[in-house]
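One letter stands for each residue in the lines below.
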Amino acid sequence: MPENGLQTLKQVEFNTISVSFGCLSQRIAELHRHLLLSTSYFGSSPHLKPENLPQNDTIAGLASGLGAAHAAYVSTGGSSTSKILFVIQPGERNVFDQKWLEYELLEKHNIHAVRQTFEELITSSSVDPQTSLLTVSPKNSPEKDIEVSVVYYRSGYMPNEYPAPEYYETRFRLESSKAIKCPTIPLQLAGGKKVQEVLGRKGLVERFLPDHPQSQIDDLRRTFMDMWGLDEDSHSAVGEVASSPPPSASAKANGDAASTEPLGTLKARKEYASLVLKPQREGGGNNVYKEDIPAFLDGLAPQEREAWIAMRLIEVPKGVKGWLVRAGSLDFATSTPSERAVQAEIVSELGIFGWALFGEGKVVGEEEVGWLVRTKGKDSNEGGVATGFSVLDSVLLV
């Protein structure tokens, strides 16, 4: 909430690969409803009543999207016994979030899944050069040459997941097949921070919403935060830049003036206290915040600037408090009261899940299917659950 007190919706980001915690977010919503029915939360708030805790059916919704992709594959000549391939990380920690999807696919859609890491797929996967049919033969499995209808990536979004050329070759092998990819490489790249930044420029959203009135497009654009690339050097991409800051340490050392830097970098130096720098990465823990920005820019090689965007930090509501509970902290035999739960000033982030199926240059189907709430301490910069910065939460209507 800005200082003027006006509450507005602001977009943080959009993700197009390995969007996690959909299943666990449903379970958290069910947990909170169960606690309400069993304890009434001991009368702690008049807002805590059943009608204010909305249903969250993300599991069925996400499975319906994968099921629609499987059905589309079968309708074009694929085998009805083909399976959905879950591409997972080694030692997968988020297996329980994924398993609910597998169960839903099997029990409601009669679709089986097979789980493989990139390392396993190097040797277990193959694509027929004539038919583009993708098959996998998992090691130690009695089944061989399993036909794959959908490649569902729950990994493959971080550089360290491609440690050698054969990992890239495996990704391209999967991409070259006729199996439906979730996502394709282009769609994964569309979720990059640079794309988000470019979409915020005037005239870009209109290209994709030609049939919408300008008033609706303006409302949508107002949800975007101010963003620009560090390598951008035009006012049309960066906006106005205040008077130049003093030369950086590296510029002084090289005898260069800071003004030789592009406008995007100069603006980030000037306004660092209200910014976050984001690379083209997913997975959490990659961003640079506020007071850490000047020193980071000093050490950033000029050729690396195009990999980073600057984003205005969202002003969050003040004075909102809550209790944060972490896994394993409720062991009363070994933990102290302060370790079991922490009361803090908090901020929550709402995510909306959806799926879209594309084919032959058009959208075959799309649906909004559920939601996720992540809550963290207000002073925590990062927001990832798996990385330990935030906790799963649910919606309370007031």
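From a predicted model like this one, the values you see are computed outputs, not experimental measurements. (Residues numbered from 1 in each chain as written. Predicted model: local features only at pLDDT ≥ 70, side-chain atom pairs only at ≥ 80, totals over all residues. Heavy atoms only, no water.)

Looking at the pairing of strand S2 (residues 113–117)
Most of S2 sits out of view: four of its five residues are buried. In this structure, strand S1 (residues 83–88) lies alongside S2, joined through five bridges in parallel fashion. Looking at the pairing, Phe86 lines up with Arg115 of S2. Between the parallel elements S1 and S2, the chain passes through helix H3 (residues 95–109) in a crossover that is right-handed. (Buried < 20%, exposed > 50% of the residue type's maximum accessible area, 1.4 Å probe, protein only. Helix = DSSP H or I, 4+ residues; strand = E, 2+ residues; numbered from the N terminus. Pairing = 2+ DSSP bridges. Right-handed = clockwise from strand over helix to strand, strands pointing away.)

Let's talk about the packing of aromatic side chains
Between two aromatic rings, the relevant description is the distance of the centres plus the angle of the planes. If you walk through the whole model with that rule in mind, you get six aromatic pairs. The interplanar angle of 90 degrees and the centroid separation of 5.0 Å between the aromatic rings of Phe86 and Tyr152 together place this pair among those described as edge-to-face. One end of the pair, Phe86, is in strand S1; the other, Tyr152, is in strand S5 (residues 146–153), and 66 residues separate them in sequence. Here Phe86 matches Tyr152 in class, with each residue buried. Above the ring of Trp100, the side-chain terminus of Arg27 is found at 3.9 Å from the ring centroid. The side chain of Lys267 reaches across the aromatic face of Trp228, ending 4.4 Å from its centre. (Phe/Tyr/Trp six-rings, centres within 6.5 Å; stacked < 30°, edge-to-face > 60°. Lys NZ or Arg CZ within 6 Å of the ring centre and 35° of its normal.)

With respect to the layout of surface pockets
One number sums up the size of the second largest pocket: a volume of about 450 Å³. If you go around the second largest pocket, you meet 20 residues; those closest to its centre are Gly156, Tyr157, Gln188, Leu189 and Gln280. Residue composition of the lining of the second largest pocket, by class: nine nonpolar, seven polar and four charged. (1 Å grid on protein atoms, 1.4 Å probe; cavity = no way out; pocket = protein on both sides within 12 Å on 5 of 7 lines; lining within 4 Å. Points joined across faces, edges and corners; volume = space filled by probe spheres on them. Nonpolar A, V, L, I, M, F, W, Y, C, P; charged D, E, K, R; others polar.)

As for the UniProt feature "binding site: substrate" (unreviewed entry) in the protein chain
Taking the UniProt record as the reference, the feature "binding site: substrate" (unreviewed entry) is found at Gln98 and Arg374. Looking at the element boundaries, Gln98 is found in helix H3. Residue classification places Gln98 among the buried residues on the basis of a relative accessible area of 1%. Ignoring any residue separated from it by four or fewer positions in sequence, one finds Gln98 in contact with Phe86, Ile88, Glu92, Arg115 and Arg154. Here Arg374 lies in strand S13 (residues 362–377). Reaching out from Arg374, the side chain makes a polar contact with the side chain of Glu349 at a distance of 2.6 Å. (UniProt positions renumbered as here; feature names shortened; annotations may be inferred. Contact = heavy atoms within 4.5 Å. Polar contact = N/O pair within 3.5 Å; in protein donor to acceptor, adjacent residues only side chain to side chain.)

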